[in-house]
Amino acid sequence: MRELEERIRREGIVEDGDVLKVDAFLNHQMDVALFEAMGREWARLFAGEEINKLLTIEASGIGIACLAARQFGVPVVFAKKSRTRNISGDVYQAEAPSFTHGTVNTVMVSKRFLLPTDRLLLIDDFLANGGALEGLIALADQAGATVVGAGVAIEKAFQPGGDRLRARGVRVEALARIKAMSPGHIEFC
Ligand code: 5GP
């Protein structure tokens, strides 16, 4: 998606450790019009797939998933990273390594909100090693739900997550795919 690539080129900052900072429009300040355009693109790509729910992970997936959900006309469920008083009753749980924090999160979703009849589109901001999406897939599997595919904003294609998920048969649609990056330089696929 050209518009997203241009924003990454203009405002993205490559940090040490293969981290791309896009907090001017995605991870801190949020360009909602851009999110809306991203949602339209996923809706076009996954048209006809009878998706009935979007599943994402807190925190940065939530904003983009909400705008995408308006295009699909479906609700968003987000996996929580810690058990709070806001999550009650039976939950599905999975381990998801955090790329940016170098820790492992236990992610969870209330059993009430993932059903065997669900046809899910997974949404996240970045795809790096694939741990976050694999955690979401594990939650969906526990519920017996169908994962139709994954929509990610930015795939760092030089990291193994995208290949790993596609090898498992997951349809991954990334709106910007980065082939290589270093401070001051970003190359798209
Ligand atoms: P993965 O689980 O695929 O290794 O990493 C994806 C998750 O880590 C995303 O949810 C995202 O929040 C975070 N992440 C991975 N790489 C980057 C990056 O380069 N920049 C930012 N801002 N977040 C990233």
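Everything below is about the structure printed above this text.
Residues numbered from 1 in each chain as written. Predicted model: local features only at pLDDT ≥ 70, side-chain atom pairs only at ≥ 80, totals over all residues. Heavy atoms only, no water.

Regarding the nonpolar core
In step 1: Counting 34 residues, the largest nonpolar core has Leu4, Ile8, Leu20 and Ile154 as the members making the most contacts within it.
In step 2: Examining the composition of this core, we find that six residues originate from one element, helix H3 (residues 60-72), more than from any other.
In step 3: Ignoring any residue separated from it by four or fewer positions in sequence, one finds leucine 20 in contact with Ile8, Gly12, Ile13, Val14, Phe126, Ile154, Ile178, Met181 and Ile186.
In step 4: Counting residues in hydrophobic clusters, the runner-up holds 26 residues, among them Leu114, Leu133, Ala140 and Ala174. (Core = buried A, V, L, I, M, F, W, Y, C linked by side-chain atoms within 4.5 Å. Buried < 20%, exposed > 50% of the residue type's maximum accessible area, 1.4 Å probe, protein only. Helix = DSSP H or I, 4+ residues; strand = E, 2+ residues; numbered from the N terminus. Contact = heavy atoms within 4.5 Å.)

Notes on the pattern of salt bridges
Pairing is possible between side chains that carry opposite charge, provided their charged atoms lie close to one another.
In step 1: For the structure shown, the criterion picks out 15 salt bridges.
In step 2: The partner of glutamate 49 in a salt bridge is arginine 119, with the nearest N and O atoms 3.4 Å apart. With glutamate 49 in the loop between helix H2 (32-45) and strand S3 (53-57) and arginine 119 in strand S7 (residues 119-127), the pair connects residues that are 70 residues apart, well separated along the chain.
In step 3: Residue arginine 119 is classed as partly exposed on the basis of its relative accessible area, which comes to 28%.
In step 4: When the shortest N-O distance is used, the salt bridge between arginine 177 and glutamate 155 registers 3.0 Å. Remark: glutamate 155 occurs in strand S8 (residues 146-156) and arginine 177 occurs in strand S9 (residues 172-182); sequence separation between them is 22 residues.
In step 5: Taking relative accessible area as the criterion, arginine 177 reaches 29% and is therefore assigned partly exposed.
In step 6: Salt bridges here are not isolated pairs; linked through shared partners, they connect Arg7, Arg10, Glu11 and Asp31. (Salt bridge = Lys/Arg side-chain N within 4 Å of Asp/Glu carboxyl O.)

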